[in-house]
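Geometric and topological summary
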Amino acid sequence: MSQPNKNTNQSMATLKRLLRYLAPRRTRLVVVLIAVMLSTLFAILGPKVMGDTVTEVFEGAYAKLTGTGEGIDFVQVGKMLLLLAGLYVFSSLFTFIQQYLMASVAQNTVYDLRADIFKKLEKLPLNYYDSHSHGDTLSRVINDIDTIGNTLQQSITQFIRSMVMLVGIAIMMLTISPLLTLIAVVSIPVSLFVIKPFLKKSQSHFTNQQHSLGKLNGHIEEMYTNHQIIKAFGQEAYAQETFDDMNEELYHAGRRAQFISGIINPVMTFIGNLSYVLISIVGGLLVTQRAISIGDIQAFITYTKQFNQPINQTANIANIIQATIAAARRVFNLLDEEEEVPETASGDVPPAEGAVTFNHVAFGYDDEWLMEDLNIDVKPGQTVAIVGPTGAGKTTLINLLMRFYEVNAGSIEVDGKNILSMSRHDLRAQFGMVLQDTWLFNGSIKDNIAYGKRDASETEVIEAAKSARADQFIRTLPDGYDTMLNQDASNISQGQKQLLTIARAILADPSIMILDEATSSVDTRTEVFIQEAMNKMMEGRTSFVIAHRLSTIKNADKILVMNQGNVIEQGTHDELMEQQGFYADLYNSQFAEEQAG
């Protein structure tokens, strides 16, 4: 299949899919269609009534001058003007009705699209977020959907109005003069023939424009989020250079798209003006031959101007639709992304005792295996430390346990039950997590802590904060627990953020705890406090601790030493030190660095 035909088929498929979102509102669309037709019909009748009024005035005045009549019949002229005013009033009324209803249809459709995308984002696997720019995803959710909404609200009714006006004006023109109508109608196929190659060319440019916009948004989002790191490493110039390159790419893509689409309107106007000039010449000759009245030629010239208007509007709308189809395609591509493995209803799941088993687990991307034949057995209540160099697979192991990723082979069991037989919600409800990258939302400190248990009382929130050693610093803040955190929680320190996330996990009171670099962002004194709180909280709970500072996990019941996706050693700290293997080398090298520091 040739590329143009392929693009045309894709555009038609995208357009049909978009129209399906309008189907639930077909009743209002029918009312909109009727209102557009009536509004346009009344507007179309106006020039004819105006022409008849001109004829009445002209013939009356001519008769008065030549002495063949009594002059202008002002009563009849008054009736015609009242009819004309009524036509335009009703036209405006129905225009208001269709605009009001179409606004509702467009916003409801966009609402459904946004709701579908949000549901989709919840179902996407973690590897989607790992492999796609956040800014590009935001661009699809915000910019592309706004483009669709604007088109639905404005362009659809304009398109319908243009089509109805085109047909209605053609009929009115035929009633006045078939010859002049033929001259006007000939301009349509000529216009379509001329603009067809421009329409095909503009589609690819509009697609590139939306793609470039997504890339630029991604870069801006990353630069804004990490502005401190950029400044710390003195990379402002590089960030600006990258922005300039992407902005230049967007500029060229947008320039090409707008230039190609911008050619269409002048071309249409030029062809319309040629038709208008020819009609004026022929119409003048017909008036001199008394083949048509002066009022009718005035009405026909008005219709000629109006006849070109819907053609030009349709051309402009075609440009907008090209951009909308490009935006809709990006939205639907997101909606078509592969989702997580479908859920399995697990019914009522009792609190886990904490036994965790990895049976011959294998995991990888495409043909590259990160883990092969991984076997781990954790007893209830044990504290399991996971150590290893960067890229060893520590975080991947946790992601598999939480079903952020699905295993390719083997099984993972909690209390002897395969986690695939549990819903993700029920499984994750058994876990509490404290991540290396703290996440706090724009809201009060109390609300952020209570995120681990939405129905928690204020007393429970305070007790959790005390257990995490966060209560003291919270009370020093001007508004205490009601202190509002900004979007990035940059109004508190990194260590304080870590304390709040620990308090959140404590409040959730999970059966199994996962601590991923939980104390990596706090000072030594604070780490001691946190370690005490964690040790108390982990009593009777199965806990997985990922840490580079090996001195903090010496008391773990079991230490798993990972390298290149596999557990190469396991045992207690003393047992592993006696083996003088990989763990001993890690510990000794780290201890030597601390001594040197």
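It should be noted that the structure appears before, not after, this text.
Counting restarts for each chain, with residues numbered from 1 along the sequence as it is written. Reporting of local features is limited, given that this is a predicted model, to residues whose pLDDT is at least 70; pairs of side-chain atoms are given and counted only at 80 or more, and all residues count toward the totals for whole chains, interfaces and linings. Remark: hydrogens and water are excluded; side-chain values derive from all non-hydrogen atoms of the structure.

Further remarks concern the overall build of the protein chain. Here a helix means four or more residues in a row that DSSP labels H or I, a strand means two or more in a row labelled E, and each is numbered from the N terminus. Per the secondary structure count, the protein chain includes 18 helices and 12 strands. The cut-offs for exposure are 20% and 50% of the maximum accessible area for each residue type, with area from a 1.4 Å probe on protein chains only; residues under the lower value are buried, those over the upper are exposed, and the others partly exposed. Relative to its full complement of 597 residues, the protein chain shows a buried share of 44%. The contact criterion used throughout is that any non-hydrogen atoms of two residues lie within 4.5 Å. A sequence separation of at least 24 residues applies to 79% of the contacts in the protein chain between residues at least 6 apart. As displayed, the protein chain has an accessible area near 31100 Å², and 57% of this comes from carbon and sulfur atoms. Surface exposure here means Shrake-Rupley accessible area, sampled with a 1.4 Å probe, where a residue is shielded only by the protein chains that are shown.

What follows is about the pattern of salt bridges. Here, a salt bridge means any Lys or Arg side-chain nitrogen found within 4 Å of an Asp or Glu carboxyl oxygen. According to the stated counting rule, one finds 13 salt bridges in the structure shown. Here aspartate 482 ties to lysine 446 by a salt bridge, and the two come within 3.7 Å at their closest N and O atoms. Of this pair, aspartate 482 sits in the loop between helix 14 (471-476) and strand 8 (484-485) while lysine 446 is found in helix 12 (residues 445-449), placing the two residues 36 residues apart along the sequence. A cluster of three or more residues bridged by salt bridges with shared partners is formed by Lys48, Asp52 and Asp296.

Within strand 3 (residues 383-387), five of the five residues are buried, which leaves the element mostly enclosed by the surrounding structure. The alternating pattern of strand 3 places Thr383, Ala385 and Val387 and Val384 and Ile386 on opposite faces, both of which are buried. In this analysis, strands are considered paired if DSSP registers two or more bridges between them. When strand 3 meets strand 10 (residues 542-546), the two strands line up parallel, connected through four bridges. Pairing of isoleucine 386 across the sheet is with isoleucine 546, part of strand 10. Relative to strand 11 (residues 558-563), strand 3 runs parallel, the two being bridged by four bridges. Bridging across to strand 11, isoleucine 386 finds its partner in leucine 560.

Moving on: the side chain of glutamine 98. Among the secondary structure elements, glutamine 98 is positioned in helix 3 (residues 74-123). With residues up to four places along the chain from it excluded, the contact list for glutamine 98 reads Val32, Ala35, Val36 and Thr157.

Let us look at the sheet that holds strand 6 (residues 431-434). Pairing is mixed across the open sheet formed by six strands, whose spatial order is 6-9-10-3-11-12. Each edge of the open sheet carries a strand with a single partner, namely strand 6 and strand 12 (566-571). For this sheet the average axis-to-axis angle between neighbouring strands, irrespective of direction, equals 20°. Here an angle of 0 to 180 degrees is reported between the N-to-C directions of two axes, which are lines fitted to C-alpha atoms, with helices fitted over the stretch in contact. The strands touched by helix 15 (residues 494-508) are strand 6 and strand 9 (512-516); relative to strand 6, the strand with the most contacts, the crossing angle is about 175°.

What follows is about the packing of aromatic side chains. Two aromatic rings from Phe, Tyr or Trp, using only the six-membered ring of Trp, form a pair when their centres are within 6.5 Å; if the ring planes differ by under 30 degrees the pair is stacked, by over 60 it is edge-to-face, and anything between is tilted. Inspection of the entire model under this criterion finds six aromatic pairs. Measuring from centroid to centroid gives 6.2 Å for tyrosine 21 and phenylalanine 332, while their planes differ by 20°, and the two rings are stacked. Pair noted here: tyrosine 21 is in the loop between helix 1 (3-20) and helix 2 (26-66) and phenylalanine 332 is in helix 9 (residues 294-335), with a separation of 311 residues, a long-range link. Neither tyrosine 21 nor phenylalanine 332 differs from the other in exposure class; each is buried. Seen in terms of ring centroids, phenylalanine 363 and tyrosine 405 are 5.3 Å apart; in terms of plane orientation they differ by 35°. Their pairing is tilted. Taken together, the residues phenylalanine 363 in strand 1 (residues 356-365) and tyrosine 405 in the loop between helix 10 (394-401) and strand 4 (409-414) connect sequence positions 42 residues apart.

In sheet architecture, strand pairing relies on hydrogen bonds along the backbone and comes in two forms, parallel and antiparallel. Judged by pairing direction, the sheet is antiparallel, and its four strands sit side by side in the order 2-1-4-5 without closing on themselves. Both outer strands of the open sheet, strand 2 (368-378) and strand 5 (417-418), are each paired with one neighbouring strand and no more. Looking at chain direction, strand 4 and strand 5 are connected through two bridges and run antiparallel. Note that in strand 5 the partner of glutamate 413 across the bridge is asparagine 418. Of the strands in this sheet, strand 1, strand 2 and strand 4 touch helix 10, which is tilted by about 110° from strand 1.

If you look at soluble globular proteins, the nonpolar side chains tend to sit buried side by side. To define a nonpolar core, start from buried Ala, Val, Leu, Ile, Met, Phe, Trp, Tyr and Cys residues and group those joined through side-chain atoms within 4.5 Å. Core analysis: the biggest nonpolar cluster contains 43 residues, and Ile449, Ile474, Leu500, Ile553, Ile559 and Tyr583 have the highest contact counts within it. Here this core takes seven residues from helix 15, the largest share from any one element. If we ignore the near neighbours within four places in the chain, the residues touching isoleucine 474 are Ile445, Ile449, Ala465, Gly480, Tyr481 and Leu500. In this structure, Val356, Val407, Phe431 and Ile546 belong to the second largest nonpolar core, which totals 32 residues.

Our focus in this paragraph is helix 5 (residues 134-176). Taking 1.5 Å per residue, 43 residues should reach 63 Å; helix 5 reaches 60 Å between its end C-alpha atoms and fits that length. In this analysis the local bend is the angle between axes fitted, respectively, to the seven residues ending at and the seven residues starting at the residue. Within helix 5, the axis deviates most sharply at leucine 152, by approximately 35°. Every helix has an expected span of 1.5 Å times one less than the residues it contains.

A cluster of nonpolar side chains, contributed by Leu182, Val186 and Val190, occupies part of the molecular surface with about 250 Å² of accessible area. Among the residues examined, valine 190 registers a relative accessible area of 38% and is labelled partly exposed. In this analysis, a patch consists of residues with relative accessible area above 30% that form no salt bridge, clustered at 9 Å for like charges and at 5 Å for the nonpolar side chains Val, Leu, Ile, Met, Phe, Trp and Tyr.

Within the secondary structure layout, asparagine 399 lies in helix 10. Residue asparagine 399 is classed as buried on the basis of its relative accessible area of 12%. Setting aside residues up to four positions removed in sequence, asparagine 399 forms contacts with Leu126, Phe404 and Tyr405.

Grid points spaced at 1 Å over the protein atoms alone were grouped into cavities, where a 1.4 Å probe fits but cannot get out, and pockets, open sets with protein on both sides within 12 Å along at least five of seven lines, with lining residues defined by an atom within 4 Å of a point. Grid points are joined across faces, edges and corners, and a volume is the space filled by probe spheres set on the points. Per the counting criterion, the structure on display carries three cavities of 30 Å³ or more. Of the volumes computed, that of the largest cavity is approximately 50 Å³. Lining the largest cavity are Leu400, Arg403, Tyr405, Glu406, Val407, Ser411, Ile412, Asn418, Ile419 and Leu420. Of the residues that constitute the lining of the largest cavity, the class distribution is six nonpolar, two polar and two charged. Amino acids outside the nonpolar list (Ala, Val, Leu, Ile, Met, Phe, Trp, Tyr, Cys, Pro) and the charged list (Asp, Glu, Lys, Arg) are all regarded as polar, and Gly is one of them.

What follows covers the packing of helix 3 against helix 5. In helix packing, the relevant descriptors are the interaxial angle and the interaxial distance, both defined with respect to the helix axes. The contact between helix 3 and helix 5 brings their axes to 9 Å, and the two run at 155°. The angle between helix 3 and helix 5 places the two elements in the roughly antiparallel class. Pair helix 3 / helix 5 crosses with right-handed handedness. Of the residues assigned to the contact of helix 3 with helix 5, the class counts are 12 nonpolar, nine polar and three charged. To sort the angles, those under 35 degrees are grouped as roughly parallel, those over 145 as roughly antiparallel, those from 65 to 115 as roughly perpendicular, and the leftovers as oblique. We call a crossing left-handed when the near helix sits turned anticlockwise from the far one by less than a right angle, and right-handed when that turn is clockwise.

This paragraph deals with the environment of serine 261. You can see serine 261 is positioned in helix 8 (residues 236-288). In this structure the C-alpha to C-alpha distance between serine 261 and histidine 205, which are 56 residues apart in sequence, comes to 9.5 Å.

In contact at an axis separation of 8 Å, helix 13 (residues 458-467) and helix 15 are set at 125° when each is read in the N-to-C sense. The angle between helix 13 and helix 15 falls in the class oblique. Pair helix 13 / helix 15 crosses with right-handed handedness. Facing Glu460, Val461, Ala464, Ala465 and Ser467 of helix 13, the residues of helix 15 in contact are Ala503, Ile506 and Leu507. For the contact of helix 13 with helix 15, a count of residues per class yields six nonpolar, one polar and one charged.

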